[in-house]
Amino acid sequence: MSVTIAKNAGFCFGVSRAVELVEQAAQSGKKVATLGPIIHNMEVVNELKERGCRSIESIDELSDGETLVIRSHGVKKSIIDELDSKNIDYKDATCPFVKKIHRIVSQANPETDVVLVAGNPEHPEVEGIISNCKGDFYTFNNEEELDKILDIIPEKNYKQVKVAAQTTFDTKEWKKSVKKIKKVCTNAKIFDTICSATSVRQSEADLIAAQSDFMIVIGDRHSSNTGKLFNICKRRCPDTVLIETAGELDLSKVRSAKQIGVTAGASTPARIIKEVLDTMSEE
């Protein structure tokens, strides 16, 4: 049996920064709350909960003296505006790469421009992005959805088309989308906003999966980037599994595999990755 472990697996910069902000606030003696889970990994969320950090769904749930931390995915602009207007104490852990997209879309002219965002409109990151659009916008998750939008664009006669992507969008899907957009919208201004760490992580996972007969993706099932890693690996290696902890590992598959590949999502702590590798080593 041979095991190949992705070098680019586990916490990315934005996730590490968000978790550190919460831990620093808690260590300073403050009562801390996060608006939604700080990252998409319930193992980490539960660990922080044990340290006194709770997750809330609404600003109205905040207690007196409690510090709010904005999660790494960011939130809708209306929420930030409300926090500022009410002078609520908060720390913004939104990933800087996500903040950059907020600035890009907010600068589109609402009278003449249209914004296209590649990503899942129900994901909190995309919800935050489109909330910063001042004019028309459309979202797409694949070529089929993009085609429908591109049929509308010429009819609207926009002067400028601006295109950005969710930081964890599938890089191969993005390249296909950009090629198609350039053909239809010759005036399109395209911003490659997929996080560089995401691109590297996806490329590496694709390469490892192509060389494996059993591929393990470690991460939370609610994590967008983990889900995309799973889909990328599954295309290359049919026997690909997504597990959240070492306890979910099918040891019979580990024993029978000749070449095993391992990668992990950007919200997966090193501790969980190590536990999975240790469990495999014992076999």
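Located above this text is the structure these notes cover.
Draft legend 1. Highlighting the sheet that holds strand β11 (residues 240-243). Read across the sheet, 4 strands follow the order β1-β12-β10-β11 without closing on themselves; strand pairing throughout is parallel. Of all the strands in the sheet, just β1 (2-5) and β11 have a single pairing partner and so form its edges. When strand polarity is set aside, the average angle formed by the axes of neighbouring strands in this sheet is 20 degrees. Across 4 bridges, strand β10 (residues 214-218) lies against β11 in parallel orientation. Residue pairing for β11: Met215 is matched across the bridge by Thr240. Its contacts with the sheet put helix α8 (residues 196-210) on β1, β10 and β12 (259-264), and the angle it makes with β12 is roughly 165 degrees.

Draft legend 2. Examining the pairing of β10 more closely. Of all 5 residues in β10, 5 are buried; the element is thus mostly enclosed. Residues Phe214, Ile216 and Ile218 of β10 are buried on one face, and the alternating residues Met215 and Val217, pointing to the opposite face, are buried as well. Relative to β12, β10 is paired through 5 bridges, and the arrangement is parallel. Within β12, the position partnered with Met215 by the bridge is Gly261. In this fold, the crossover linking β10 to β11 by way of helix α9 (residues 224-236) has right-handed handedness.

Draft legend 3. Layout of empty space enclosed by the protein. Counted under the stated rule, the structure contains 2 cavities of 30 Å³ or more. Approximately 280 Å³ is the volume attributed to the largest cavity. In this structure, the largest cavity is lined by 23 residues; those nearest its centre are Cys12, Val15, Thr167, Thr168 and Ala266. For the lining of the largest cavity, the secondary structure elements donating two or more residues are α1 (13-27), α4 (96-106), α8 and α9. Each residue belonging to the lining of the largest cavity can be placed in one class, and the counts come to 9 nonpolar, 12 polar and 2 charged. Put simply, the second largest cavity is a space of about 30 Å³. Residue lining of the second largest cavity: Val105, Ala108, Asn109, Pro110, Asp113, Val115, Cys133, Lys134, Gly135 and Asp136, and that is the complete set. Per-class residue counts for the lining of the second largest cavity are 5 nonpolar, 2 polar and 3 charged.

Draft legend 4. Structural view of the sheet that holds strand β6 (residues 113-118). The 4 strands are arranged β7-β6-β8-β9 in an open sheet whose pairing can be described as parallel. Only two strands of the sheet have a single partner each, and these edge strands are β7 (136-140) and β9 (189-190). Pairing of strand β8 (residues 160-165) with β9 involves 2 bridges; the strand directions are parallel. Its bridge partner lying in β9, Lys162 is registered against Lys189. Together, β6, β7 and β8 form the strand contacts of helix α6 (residues 143-156), whose direction differs from that of β7 by roughly 160 degrees.

Draft legend 5. Representation of a nonpolar patch on the surface. On the surface, Met1, Val3 and Ile5 cluster together into a nonpolar patch covering about 270 Å² of accessible area. The topology assignment puts Val3 in strand β1. Judged by its relative accessible area of 35%, Val3 falls in the partly exposed class.

Draft legend 6. Geometry of the packing of aromatic side chains. The final tally for this structure, using the stated rule, is 2 aromatic pairs. Between Phe13 and Phe97, the ring centres sit 6.5 Å apart and the planes meet at 75 degrees, which makes this aromatic pair edge-to-face. Highlighted residues: Phe13 in helix α1 and Phe97 in helix α4, separated in sequence by 84 residues. Pairing Phe140 with Phe169 gives two aromatic rings, centres 6.4 Å apart and planes at 80 degrees, and the pair type is edge-to-face. Linking Phe140 in strand β7 with Phe169 in the loop between β8 and α7 (171-184), this pair joins segments that are 29 residues apart in sequence. Residue class for Phe169 comes out buried when judged on its relative accessible area of 1%.

About the cut-offs
Residues numbered from 1 in each chain as written. Predicted model: local features only at pLDDT ≥ 70, side-chain atom pairs only at ≥ 80, totals over all residues. Heavy atoms only, no water. Pairing = 2+ DSSP bridges. Helix = DSSP H or I, 4+ residues; strand = E, 2+ residues; numbered from the N terminus. Axes fitted to C-alpha atoms, helices over the stretch in contact; angles between N-to-C directions. Contact = heavy atoms within 4.5 Å. Buried < 20%, exposed > 50% of the residue type's maximum accessible area, 1.4 Å probe, protein only. Right-handed = clockwise from strand over helix to strand, strands pointing away. 1 Å grid on protein atoms, 1.4 Å probe; cavity = no way out; pocket = protein on both sides within 12 Å on 5 of 7 lines; lining within 4 Å. Points joined across faces, edges and corners; volume = space filled by probe spheres on them. Nonpolar A, V, L, I, M, F, W, Y, C, P; charged D, E, K, R; others polar. Patch = residues over 30% accessible without salt bridge, like charges linked within 9 Å, V, L, I, M, F, W, Y side chains within 5 Å. Areas by Shrake-Rupley, 256 points an atom, 1.4 Å probe, with all protein chains shown as cover. Salt bridge = Lys/Arg side-chain N within 4 Å of Asp/Glu carboxyl O. Phe/Tyr/Trp six-rings, centres within 6.5 Å; stacked < 30°, edge-to-face > 60°.

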